[in-house]
Number of protein chains: 2
Amino acid sequence: MEAVLTEAVALLDEAGDGALTFRALAARLGTGVGSIYWYVASRDQLLDRATDHVVGQLLADVQEHSDGDDAIDDLRTIALMMFDAIAARPWLGAYFMRNSLLQPNTLRLYDLLGQQVLRLELTPRQSFHAVSAVVGFTVGAAADLGQEPPQEILDGSVGREEYLALFADMWRALDPDEYPYVHQIADEFAHHDDAEQFRAGLDLLLAGLRQQARR
Amino acid sequence: MEAVLTEAVALLDEAGDGALTFRALAARLGTGVGSIYWYVASRDQLLDRATDHVVGQLLADVQEHSDGDDAIDDLRTIALMMFDAIAARPWLGAYFMRNSLLQPNTLRLYDLLGQQVLRLELTPRQSFHAVSAVVGFTVGAAADLGQEPPQEILDGSVGREEYLALFADMWRALDPDEYPYVHQIADEFAHHDDAEQFRAGLDLLLAGLRQQARR
DNA sequence: TCGACTATCGAACAACGTTCTATAGAATAG
DNA sequence: CTATTCTATAGAACGTTGTTCGATAGTCGA
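Residues numbered from 1 in each chain as written. Chains lettered and ligands numbered in written order. Predicted model: local features only at pLDDT ≥ 70, side-chain atom pairs only at ≥ 80, totals over all residues. Heavy atoms only, no water.

Teacher, can you tell me more about the protein's contact with DNA strand C here?
The environment of DNA strand C is made up of 15 residues, and the closest members are A:Arg23, A:Arg43, B:Thr31, B:Ser35 and B:Trp38. Restricting the count to atoms of DNA strand C within 4 Å of the protein gives a sugar and phosphate share of 51%. At a separation of 3.1 Å, a phosphate oxygen of DNA strand C approaches a polar side-chain atom of A:Tyr37. Between B:Tyr39 and DNA strand C, the recorded distance is 2.9 Å, taken from a side-chain N or O atom to a phosphate oxygen. Among the secondary structure elements, those contributing two or more residues to the surface near DNA strand C are helix H2 (22-29) of chain A together with helix H3 (33-39) of chain B. Here the element with the most residues in the surface near DNA strand C is H3(B); it accounts for 5 residues. Its residues assigned to classes, the surface near DNA strand C shows 6 nonpolar, 6 polar and 3 charged. (Near = heavy atom within 4 Å. Polar contact = N/O pair within 3.5 Å; in protein donor to acceptor, adjacent residues only side chain to side chain. Helix = DSSP H or I, 4+ residues; strand = E, 2+ residues; numbered from the N terminus. Nonpolar A, V, L, I, M, F, W, Y, C, P; charged D, E, K, R; others polar.)

Looking at this structure, how should I read the protein's contact with DNA strand D?
Around DNA strand D sit 16 residues, and of these A:Thr31, A:Trp38, A:Tyr39, B:Arg23 and B:Arg43 come closest. Backbone atoms, meaning sugar and phosphate, form 53% of the atoms of DNA strand D found within 4 Å of the protein. Contact distances for DNA strand D include 3.1 Å between a phosphate oxygen and a backbone N or O atom of B:Phe22. In the environment of DNA strand D, a phosphate oxygen lies 2.6 Å from a nitrogen or oxygen atom belonging to the backbone of B:Arg43. At the level of secondary structure, the elements contributing two or more residues to the surface near DNA strand D comprise helix H3 (33-39) of chain A together with helix H2 (22-29) of chain B. Broken down by element, the surface near DNA strand D gets its largest block of residues, 5 residues, from H3(A).

Teacher, can you tell me more about the pattern of salt bridges here?
A side chain with one charge can pair with a side chain of the opposite charge if their charged atoms come near. Residue and element names in this part refer to chain A. Under the criterion given, the structure shown has 30 salt bridges over all chains. Here Glu14 makes a salt bridge to Arg28, at a shortest N to O gap of 2.6 Å. Of this pair, Glu14 sits in helix H1 (residues 2-15) while Arg28 sits in helix H2, and the two are 14 residues apart along the sequence. By relative accessible area, Arg28 is classed as partly exposed at 35%. (Salt bridge = Lys/Arg side-chain N within 4 Å of Asp/Glu carboxyl O. Buried < 20%, exposed > 50% of the residue type's maximum accessible area, 1.4 Å probe, protein only.)

Now the structure itself:
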């Protein structure tokens, strides 16, 4: 069982969602496809289990960094660790959502975020909304980032820089009257850093939360 | 071509992602599967086009509601309309992300959001981060919401209320010391409203943005 | 009249998730 | 000790899917 999940994660890490097939997994484990079905009932369940498997590792890391003075700082730290984990494993983002709060480790992680918000002593409703917002933003931003780069970047034929530059050039060529924003932002986009972008958004959200907590 | 997209969207609306197969679509159009491949190169492209098709309708609506006094209010209005559109079409959320800014209508919608942020007269980098945050949060929250309810709720055997109550009961039964947040939030979750939850998170984010804009 | 282009169609292929049956060792009961 | 049930493995087979391919017209201009 443990080996099944480990190898499943390895496949996902190496080539993303599409690479995880029962046949490929069976070949890697040196068994038949039927054997895997003794451990999991379906591919969906396999993905759920694999996701929760790596969330378990993430959870262990996170639990060591949630004991700061400031609740919102801790919230920020945990969210950043979640983002890093998804950035390192792009396939994780897509399944973090549907891997609902039925999986044990995911639920624990969710609760850990909630514990920080509880320290702010908001109303229950406010707490619930705050946690949902942080989770939603983190997973959403990370999943957005995790969309498979369209092949050209995977085989190394063009680097990330040139790929972004391609977009920037397209956008610069647009009519500034029709696309004022995109036109103006092209340069910024060409040299943007995903993690910094995420941090900036998260800080906006947390600033709003801090403001609410002060009241 | 128009008919292909219209019928594709109809299939997606009726039964979600899985229902859109080339054979089902061909049957509906009264043609063969090969014909569809004359219009689109792959299923991915079909989904991209279908997504952008409905984004076009959304865009038309949005363009009429982006002329308010306050830039952040307009930003809020547009984000809410995007959320509603995805809530009405759960399949949309998942493809909003990968439907990157190559599609014409999506790019226009993105720019429209950006135009509101430009009115805040932040630095280019701040503007870029703000727009990314709003888009990331909106799509993330909506996609999270759009995860297929696990069958029981689709056939009407159990309503949404009972489904949520199931979770709430599970959470209430957990050890309050081990899961302090989840335990405490169970009631809130059982009666939560998705749209309100989204609005609350969005307002936190926009509060942070407003604070940044004032400085 | 002859090609080129537009458009349609369905058979065929490969890959996939899933089901089913066969099998054999381990554990347990009588 | 034996019979039976349980645990676990293995792969053939099925149905569905995306995709490719060649055949086949209709349409237009030269």
